[in-house]
Each structure stands twice: as C-alpha cells, then as structure tokens.
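Structure assessment
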Amino acid sequence: FTDAPVPAQDSGLERYSGLDFLNKIYEAPRFIAAWGKLYKRELFQRLRFREGILHEDEDLLPQLIYEAKEIVYLRQEKYFYRVRPSSIMTSEFNKKRLDIIGVCKRRIDLFTQWGLTDLRKKAVKDYYLHLKNLERQTAGTGWEEEHRLVQNELAQWPDYGVRFSLLEKLRQRI
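Now for a description of the structure that goes with this document. For clarity, every value in this text was computed on a predicted model and none was experimentally measured. (Residues numbered from 1 in each chain as written. Predicted model: local features only at pLDDT ≥ 70, side-chain atom pairs only at ≥ 80, totals over all residues. Heavy atoms only, no water.)

**Re helix α3 (residues 99–113)**
- Under the 1.5 Å per step criterion, the end-to-end length of α3 is 21 Å for 15 residues, consistent within 8% with the ideal 21 Å.
- Listed as buried for α3 are D99, I100, I101, V103, C104, R107, I108, L110 and F111.
- On its buried side, α3 packs onto α1 (18–22), α2 (56–67), α4 (117–138) and α5 (144–156).
- Looking at the residues trailing α3, positive phi occurs at G115, about 75 degrees. (Helix = DSSP H or I, 4+ residues; strand = E, 2+ residues; numbered from the N terminus. Expected span 1.5 Å × (residues − 1). Buried < 20%, exposed > 50% of the residue type's maximum accessible area, 1.4 Å probe, protein only. Contact = heavy atoms within 4.5 Å.)

**Section: the side chain of D59**
- If you trace the backbone, D59 turns up in helix α2.
- Judged by relative accessible area, which is 6%, D59 ranks as buried.
- Setting aside chain neighbours within four positions, we find D59 in contact with R50, I53, V103 and R106.

**Details of the packing of aromatic side chains**
- Inspection of every chain in the model, using the stated rule, returns ten aromatic pairs.
- A centroid spacing of 5.5 Å and a plane angle of 80 degrees characterise the contact between Y39 and F44, whose relative ring orientation is edge-to-face.
- By relative accessible area, which is 19% here, F44 ends up buried.
- Ring geometry for Y128 versus W157: centroids 4.7 Å apart, planes at 50 degrees, classification tilted. One end of the pair, Y128, is in helix α4; the other, W157, is in the loop between α5 and α6 (166–172), and 29 residues separate them in sequence.
- The class of W157 is buried, set by a relative accessible area of 6%.
- Here a set of aromatic residues connected by ring pairs shows up, and it is made of Y16, F21 and Y73. (Phe/Tyr/Trp six-rings, centres within 6.5 Å; stacked < 30°, edge-to-face > 60°.)

Have a look at this one:
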C-alpha cells in the first residue's frame, strides 16, 4: 500500500482504491494473506493483528485495505511462498482452526457496518464455504464437539439471508 507515484500502465502495476481492492479478496486467496505486501506504517497506528488466533491476517486485512487510500498491485511474481509441513495449510485439524468462524463473522459485521452490501454477500458465502470445509475436517475424526459446533453454525447460516446461485452451487459443488 503506497502513496508513491505509479509508473505507466504497461509496467504490470494496477491501481485500486481500498474499496475496489476489497472486492479482489474473494477472487484469489493470495489477496487476503498478509504476506507479499508492503504497508504504510500509519495503517498500524490504530489497527493491530489479533494475537492468539489462526487466520489473523484474514481478520485484519479487510480493515487495512478499507483504510488505505490507494493500493498498487504488481502482477509480477516477486515473492515466493514456502509451504512448510507444519503450516496451517498442511497440518491436520486442530481446535484453533475454528478461529476462522469468528474471523468470518467479524468480517461480515464490518461490511454490514460499512454499508458494503455486495461485499457482505461475498463474505457470507465465503463463511459458508469455510463452515463446510470445517464440517468435512471434523466429521468422524474424534472431534465430535467441534463437529457439533460447526453443524450448529451451518444451521444458523440461512439467517444471513444470502443464497448461492445455481452456477455458484455447481462451481463450489455445494
């Protein structure tokens, strides 16, 4: 995130307002991760990563993006991400993975508070997909209490009033 002048369009750089870039977080997972970005220090004067939770970047990044005046995206790959055997992406289920439930709910609440109806709908759908993933991870694996919690959240999901289109259902195999 920068206020620096941006070179000509053919340089591989794209400029976005914070609001426009918020829409990109649902296009590709790499946009919601904290790594691979440079930030202005001022953004962290008021905002901080929540300690002690998994997915802390998914929790904070929407707020950082919303607060940014401008975001510059470089299409070229300049950062290479190493997936470790013990990372969140590769490790087996543990109770901390349920932190994503609170992260998703906070994101939905933020978009509601900010009056961003379309982003709220995307966040609600994303929440559902996270819940379905958690349901698969906890089914028949000795995590009965966690599985019941996820099923309870899934039962309440229709209260958000958002539906998937047929095409979305087919794409997501819902």
